[in-house]
Structures are given as C-alpha cells and as structure tokens.
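Secondary and tertiary structure notes
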There are 2 protein chains.
Amino acid sequence: MSMPPDAGRIYRRYLSAVLLHGQAGAKACDLGATDLYALNILELSGAMTPGELGTRTGLTTGPTTRLIDRLEAAGYVKRSPDPGDRRKVIVEPVGRPAELDRVLAPARQKIGEILAGYSAEQLETLFDYFTRAAQAYQDAGEHLAGGRPEGE
Amino acid sequence: MSMPPDAGRIYRRYLSAVLLHGQAGAKACDLGATDLYALNILELSGAMTPGELGTRTGLTTGPTTRLIDRLEAAGYVKRSPDPGDRRKVIVEPVGRPAELDRVLAPARQKIGEILAGYSAEQLETLFDYFTRAAQAYQDAGEHLAGGRPEGE
DNA sequence: AGATTTCTCTTCTCTGAGGAAGAGATTAAT
DNA sequence: ATTAATCTCTTCCTCAGAGAAGAGAAATCT
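A brief report on the enclosed structure follows. (Residues numbered from 1 in each chain as written. Chains lettered and ligands numbered in written order. Predicted model: local features only at pLDDT ≥ 70, side-chain atom pairs only at ≥ 80, totals over all residues. Heavy atoms only, no water.)

1. Remarks on the interface of chain A and chain B
As a reminder of what qualifies: Contacts were defined at the residue level, with two residues in contact if any of their heavy atoms lie within 4.5 Å. Take the accessible area each of two parts loses on contact, using a 1.4 Å probe, and add the two losses: that sum is the buried area. A pair is scored as a salt bridge if a Lys or Arg side-chain nitrogen falls within 4 Å of a carboxyl oxygen belonging to Asp or Glu. As used in this structure description, the phrase polar contact means that two N or O atoms lie within 3.5 Å; if the pair is within protein, one of them must be able to donate a hydrogen and the other to accept it, and residues adjacent in sequence are counted only when both atoms belong to side chains. Any residue that is not Ala, Val, Leu, Ile, Met, Phe, Trp, Tyr, Cys, Pro, Asp, Glu, Lys or Arg is counted as polar, Gly included; the first ten are nonpolar and the last four charged.
Between chain A and chain B, the contact holds 62 residues from the first and 62 residues from the second. Both sides of the chain A and chain B interface together cover about 6,600 Å² of buried area, and 72% of this is carbon and sulfur. For the pair chain A and chain B, the number of links is two salt bridges. Here Arg12 of chain B ties to Glu43 of chain A by a salt bridge, and the two come within 3.3 Å at their closest N and O atoms. Put simply, chain A and chain B have 17 residue pairs in polar contact (both at pLDDT 80 or more) between them. In the side of chain A that touches chain B, the residues fall into 36 nonpolar, 14 polar and 12 charged.

Right under this line is the structure:
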C-alpha cells in the first residue's frame, strides 16, 4: 500500500484544521453556526426559497425567516420575488462581502502558496480530488441531514 | 498555468462541502457549535487544561467548565488530575465514541474509495498536501482566534 | 508561616436562537 | 366564484449557552 502508515491520523488532523478554521472565521464575522451552515448550503446549491432553506437547515419557518433576515442584514444574501409565483421568495447568495474575504484571506494566501509549489500533474491530481471529495461530502452531508434524526 | 480555470470555484465548493458535512455530523450527534470547536482544538493540540481550552475557545471559566462537563458526559473527553500541579485538571480527548464514528463512517468510506483510485505517486502528492494544508489552516485559525476580536 | 496569586468550579442572570401557532397573501382546485 | 392548499412572515414562549462574580483548593512569594 502506498498510503502513509498514519494516513488516518493525517487526514483527521487535516479535517480538524479545516473545520476549526472555518468556524474561527465565522466567529470572527459574528456568524452563528446555523448562519454558516446556511451560507454553505447556498454556496453549494445556489439560490432557493426560504422553505427549501428551512428544510435543508432543519428549521421551522419562524427561525428560517429570521435567519434570512440576519444574513440579508449582514449582506450575505439578497431576497428577490419569484417571478413565477408571487407567494415565493428567492434567497440568493450575494458576492462574499469584504469582511469575510478579509478574514479568509490569510488562509487562502497560504493555500495558494502551497498549491503553487506543485507541478502541473500534481495539481491535476489535487483538483481531481477536490472535485470528487466535494461531491462525496455533499452526498454524505445530505444523507446525514435528510436521514433519521433519531438513531435506528 | 496548470490550475483549472475555475480553481477558486472548485476549491470553495470543496471547502463548503467539508464544512457542511462536519456541521451536519456534529448536529446529528447533538454537538453544539462550541462543542465541535473544542473537540477540534483537542484533536489538533492534544490534552490541555480547562484554562487553556477556555482561552482557545474564547470562553470565560464558567462556560468552559460546563463545556467540559458536556463533552465528558457524552464520552468525548476525560478529566485527569495534573500530577505536577494539583489545582490543575487535564482534559484529554478519548477515542472517538461509536456514535460519532457511525455518523462519519459513510463519508470516510466514500473518501477511502476515492483515494483507493489513485496511484502511489498521486497519493504521495495528496497526503503531502493534507499535511501542509493542515498546518496552514491551523496557523491561520490560531491567528484568527488569537488576533483582535474587534477589527482595526 | 502568612499573604498573594493561580486555577477550577459554582451560582445567578441574561441574551439569543429555535419551536408553536396563527395571520396575510397568492395560487390551485372544485 | 368559492373553497382549500401553499408560502412567507409575525408574535409569543421556551431554553440552552455565555458572562459576571465569588468560593474553595493549591501553589508561590516574602
């Protein structure tokens, strides 16, 4: 086998660092856990209605409205009327605001430097992995969220 | 340049998927945001005192005690007396409990399958990246947490 | 030894996020 | 046209989690 002997440990450490950084960044922007969660959903799946967002986050309608209120007030999303159904609203992510970019910039810079050290083939491998892993995590996440809240 | 034309988008999508999955998993285990945050700190930095953990999480002593109470009750950490200083307590992570492993298993399985499809050199590249990126994110995260809570 | 500092824990209070129920507006069904 | 269903939002209530202040135990300093 060509994996490192402590592959699991390395990978776990990597995941923890990514999660930790993401949460620290969110906290620095005064984003609550659910807010970050919702933003990631919107990042992955694009604009959707409040109802859909509420289902995805597992919130009832009241908190969903206030969640969108917070995100809109902070400039992360925008509410637009649905042209086809005037009851509906479309919540669409707006270009990442300056504060979030500023907070995430140091990490992006470091990652950029790391990536710059790889050859063309290596980069191809890495981005192939990013693409596949993103899909895998997204599937696993949706399965988690959509699955049974109570265990077996 | 050998990066894909939409490298930024791919990477952002990847990060969102990882974050989303991590939070969904935590939610499925009834772990609050701070609890997950603390667990990741312990995963990265190993055992430490409540005081240290409180500083890292940005909590005062009261909530820190209760945070550790929660984690201990759920079986994620263990309190031990510090042999060198009997005022102190050492909070050490305990092997991940079954529930968390069960929740994270599907994703680990998928990632394992993806990794199994790469050659030896490709795996070397990937794990090299994991190692470097983990350090980068850890540094950036600590800088975020340790930096000024209020912007300039 | 006595006083001060350090560290953890306890208690009380409070803010903020989430659930429940219902109103208002619009679309679909009869 | 009238009724029913859908979607978002508002209001009220509840509760977990965080801060503040102080107690108790142990180490350090004078």
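2. Examining the protein's contact with DNA strand C
What counts is decided by this rule: Residues are labelled near a given molecule or strand when at least one of their non-hydrogen atoms is within 4 Å of it. Going along the chain from the N terminus, every DSSP run of H or I of four or more residues is numbered as a helix, and every run of E of two or more is numbered as a strand.
Around DNA strand C, a shell composed of 22 residues is seen, among which Thr34 and Arg87 of chain A together with Gly51, Thr61 and Arg87 of chain B lie nearest. The share of sugar and phosphate among atoms of DNA strand C within 4 Å of the protein is 62%. One nitrogen or oxygen atom from the main chain of Thr60 of chain A is found 3.2 Å from a phosphate oxygen belonging to DNA strand C. Contact between DNA strand C and Arg79 of chain B: a phosphate oxygen at 3.0 Å from a side-chain N or O atom of the residue. When residues of the surface near DNA strand C are traced back to their parent elements, those giving at least two are helix H4 (61–73) of chain A together with helix H3 (50–57) and helix H4 (61–73) of chain B. When residues in the surface near DNA strand C are grouped by element, the largest group, five residues, is from H4 of chain A. Taken together, the residues of the surface near DNA strand C sort by class into four nonpolar, 10 polar and eight charged.

3. Here's the deal with the nonpolar core
We apply this condition: We call a set of buried Ala, Val, Leu, Ile, Met, Phe, Trp, Tyr and Cys residues a nonpolar core when their side-chain atoms join them within 4.5 Å. Only protein chains enter the accessibility calculation, which uses a 1.4 Å probe. A residue is then buried if its area is under 20% of the maximum for its type, exposed if over 50%, and partly exposed in between.
By size, the foremost hydrophobic cluster in this structure holds 92 residues, and its most contacted members are Tyr129 of chain A together with Tyr129 of chain B. Contact partners of Tyr129 of chain A, with chain neighbours within four places excluded, come to Tyr11 and Ala134 of chain A together with Tyr14, Ile111, Ile114, Leu115, Tyr118, Leu126 and Phe130 of chain B.

4. Details of the relation of the copies chain A and chain B
The test is simple: In superposing the copies, a least-squares fit is computed on C-alpha atoms, taking residues whose pLDDT is at least 70 in both.
The two copies are related by a screw motion: chain A maps onto chain B through a turn of 180 degrees and a shift of 0.0 Å along the axis, at an RMSD of 0.1 Å. A rotation of that kind, with that shift, is consistent with a two-fold axis. Comparing interface residues between copies, 100% of those in chain A also lie at the interface in chain B; the contact surface is shared.

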